[in-house]
Amino acid sequence: MAGIGRRASRRQLDIWPGWVDALSSLVMVIVFLLMVFVLSQFALSSLLHGKDEALARLNSRIALLADQLAMEQADKEKLTTDMAALNEQLQASLAKNTQLQAERDDLSAQVQALTDAATAKQAELDTEKNASAEAKAQVDLLNQQLAALRQQLAQLNAALAASEQKDKEQQVQIVDLGKRLNAALAGKVAELARYRSEFFGKLREVLGDRPDIRIVGDRFVFQSEVLFDSGSAELGDRGRKQLASLGKTLMDVSKKFPKDLNWILRVDGHTDNVPIRTPAFASNWELSSARATAVVKFLIQQGVPPERLASTGFGEFQPLEPGDAPDVRARNRRIELKLDQR
């Protein structure tokens, strides 16, 4: 019995180091996991801090751009007012020129008549050597009137020359104002193009890179099959989901638009060249218009202001590609979105 007790005691002593090793390993694993967790928290905190700083810089830049746009709008309005005033002055000057030219022509006619009369009288005096004093007085009077008319004619010519010079100067000012106004308008077009690019870029991020949703020029194009069933103008569930994302993206991006940017989202419906005649749609005109209107109504439900939307149906008469192949017809059946100015 004593031998048995000694063997049991020896087995217990042999087991204890194994427990100690296992416990030590477990503690090391826990410590390692805690270190990994702490390091990951530190890295995540640093990354979030960097993004916050970038967002603050971006907001500051947007505020600066908004101020610059407001100044450009004020300059544009002043240029428009100045151009209108110059146009009024130019019209008044042209009317005055016309009046001066008429007066000059009238005086020229009078001068010519008086010259002819004086010549006739002088001829009579030359042929009649015994002319009376009254005839000589008439000749002197005619000569005085002729000199006065010539002086008036010279004054009118000087006034007409000054008016023509003023007209030329006003024309130069109008051309300069026109150039500045065109530059301001070009700036607005470039501004809209920048916001359109941002809108399409964010919309592409939301909807993903899909072959049936693409950008063609300045338009975002949905294939009709994404939104509607064949021959239908009722939005499907998949189409509603895509348009809901589009509406949210548009509302987010439009918050950055300046208040004076009179933007509008055009929704254009297009079909293929296969004729349709159903109780609901007499032709492709009705189908394309109904689909564009359905998209507009859904976007209004998503919070897009109605005054910022427009729908148009083009039927089959504005294809992207000519031809009757099935893939060509599929590409021509589409809904196009364009961010534009009114």
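Look up a bit, the structure's there.
Just so we're clear, the structure is a prediction, and the values are computed from it rather than from any experiment.

Cut-off values and rules
- All residue numbers refer to positions counted from 1 along the written sequence of the respective chain.
- Since the coordinates come from a predicted model, pLDDT governs what is reported: local features require at least 70, and pairs of side-chain atoms require 80 or more to be given and counted, while whole-chain, interface and lining totals use all residues.
- By convention in this description, side-chain values take in all heavy atoms of the structure and omit both hydrogens and water.
- Only Phe, Tyr and Trp rings are paired, with Trp represented by its six-membered ring, and only when their centres lie within 6.5 Å; those with planes under 30 degrees apart are stacked, over 60 edge-to-face, the remainder tilted.
- To qualify as a helix, a DSSP run of H or I must reach at least 4 residues; to qualify as a strand, a run of E must reach at least 2; elements of each kind are numbered from the N terminus.
- Throughout, the protein atoms alone are placed on a 1 Å grid, and a set of points is a cavity if a 1.4 Å probe fits but cannot get out or a pocket if it is open with protein on both sides within 12 Å along at least five of seven lines; lining residues have an atom within 4 Å of a point.
- Grid points are joined across faces, edges and corners, and a volume is the space filled by probe spheres set on the points.
- Note on residue categories: nonpolar means Ala, Val, Leu, Ile, Met, Phe, Trp, Tyr, Cys or Pro, charged means Asp, Glu, Lys or Arg, and polar means any other residue, Gly included.
- Pairing between strands is defined by DSSP: at least two bridges between them are needed.
- Polar contact is defined as a pair of N or O atoms within 3.5 Å, subject to the rule that within protein one atom must be able to donate a hydrogen and the other to accept it, and that residues adjacent in sequence are counted only when both atoms are side-chain atoms.
- Any two residues having at least one pair of non-hydrogen atoms within 4.5 Å are treated as being in contact.
- For patches, a residue must show more than 30% relative accessible area and have no salt bridge; joins then use 9 Å for like charges and 5 Å for nonpolar side chains, namely Val, Leu, Ile, Met, Phe, Trp and Tyr.
- Per-residue and other accessible areas were derived by the Shrake-Rupley procedure at a 1.4 Å probe size, with only the shown protein chains allowed to occlude residues.
- Throughout this description, the term salt bridge denotes a Lys or Arg side-chain nitrogen within 4 Å of a carboxyl oxygen of Asp or Glu.
- Here the axes come from fitting lines to C-alpha atoms, over the contacting stretch only for helices, and the angles between their N-to-C directions go from 0 to 180 degrees.
- Should an angle fall under 35 degrees it is taken as roughly parallel, and over 145 as roughly antiparallel, whereas 65 to 115 is taken as roughly perpendicular and any remaining angle as oblique.
- In this scheme the crossing of two helices becomes right-handed for a clockwise turn of the near helix relative to the far one and left-handed for an anticlockwise turn of less than a right angle.
- To estimate the expected span of a helix, count its residues, drop one, and scale the result by 1.5 Å.
- Burial classes follow relative accessibility: with a 1.4 Å probe on protein chains only, a residue under 20% of its type's maximum area counts as buried, one over 50% as exposed, and anything between as partly exposed.

Novice: I keep staring at the packing of aromatic side chains and nothing clicks. Help me out?
Specialist: Each aromatic ring pair is characterised by the separation of its centres together with the angle its planes make. This model, assessed by the stated rule, comprises three aromatic pairs. Judged by centre distance (5.4 Å) and plane angle (80°), the ring pair of Phe-257 and Trp-263 falls under edge-to-face.

Novice: Please clarify how the environment of Ala-84 should be interpreted in this entry.
Specialist: Structurally, the position occupied by Ala-84 is in helix H1 (residues 2-127). Here the alpha-carbon distance between Ala-84 and Ile-174, two residues 90 residues apart in the chain, equals 9.1 Å.

Novice: I would appreciate a short explanation of the layout of surface pockets in the present structure.
Specialist: To locate leftover empty space, one rolls a probe as large as a water molecule over the atoms. By volume, the largest pocket amounts to about 220 Å³. Of all the secondary-structure elements, those providing two or more residues to the lining of the largest pocket are helix H3 (224-227) and helix H5 (284-301). Looking at which element gives the most residues to the lining of the largest pocket, the answer is H5, with three residues. Its residues placed into classes, the lining of the largest pocket shows five nonpolar, five polar and five charged.

Novice: Looking at this model, I keep getting lost on the pairing of strand S4 (residues 309-313). Mind explaining?
Specialist: Side chains on a regular strand alternate between the two faces of the sheet. Sheet analysis places strand S3 (residues 263-270) next to S4, joined by five bridges and oriented parallel. Bridge pairing in S4 places Asp-268 opposite Thr-312.

Novice: Can you help me understand the side chain of Ser-224 in this one?
Specialist: Mapping Ser-224 onto the fold places it in helix H3. A polar side-chain atom of Ser-224 sits 3.0 Å from the main-chain amide nitrogen of Arg-334. Apart from the residues within four sequence positions on either side, Ser-224 is in contact with His-270, Arg-291, Arg-333, Arg-334 and Ile-335.

Novice: Is there a simple way to explain a nonpolar patch on the surface in this structure?
Specialist: A surface patch of nonpolar side chains, about 660 Å² in accessible area, is lined by Leu-23, Leu-26, Val-27, Ile-30, Val-31, Leu-34 and Met-35. Along the polypeptide, Val-27 turns up in helix H1.

Novice: Honestly, the packing of helix H4 (residues 237-254) against H5 in this entry has me stumped. Any pointers?
Specialist: Two packed helices can be described by the angle between their axes and the distance between those axes. Running from N to C, H4 and H5 point in directions that differ by 55°, and their axes come no closer than 9 Å. Classified by the angle between their axes, H4 and H5 sit oblique to one another. Crossing handedness for the pair H4 and H5: right-handed. On the side of H4, the interface is formed by Arg-240, Leu-243, Ala-244, Leu-246 and Gly-247, while H5 contributes Val-295, Phe-298 and Leu-299.

Novice: I would appreciate a short explanation of H5 in the present structure.
Specialist: In an α-helix there are 3.6 residues to a turn, and that puts residues three or four apart on one side. Compared with the 26 Å implied by 1.5 Å per residue over 18 residues, the 26 Å span of H5 between its first and last C-alpha is a close match. Among the residues of H5, Asn-284, Leu-287, Ser-288, Arg-291, Ala-292, Ala-294, Val-295, Val-296, Phe-298 and Leu-299 are the ones counted as buried. Buried residues along H5 sit in contact with H3, H4, S3, S4 and strand S5 (334-341). After H5 finishes, the residue Gly-303 shows a positive phi value of roughly 105°.

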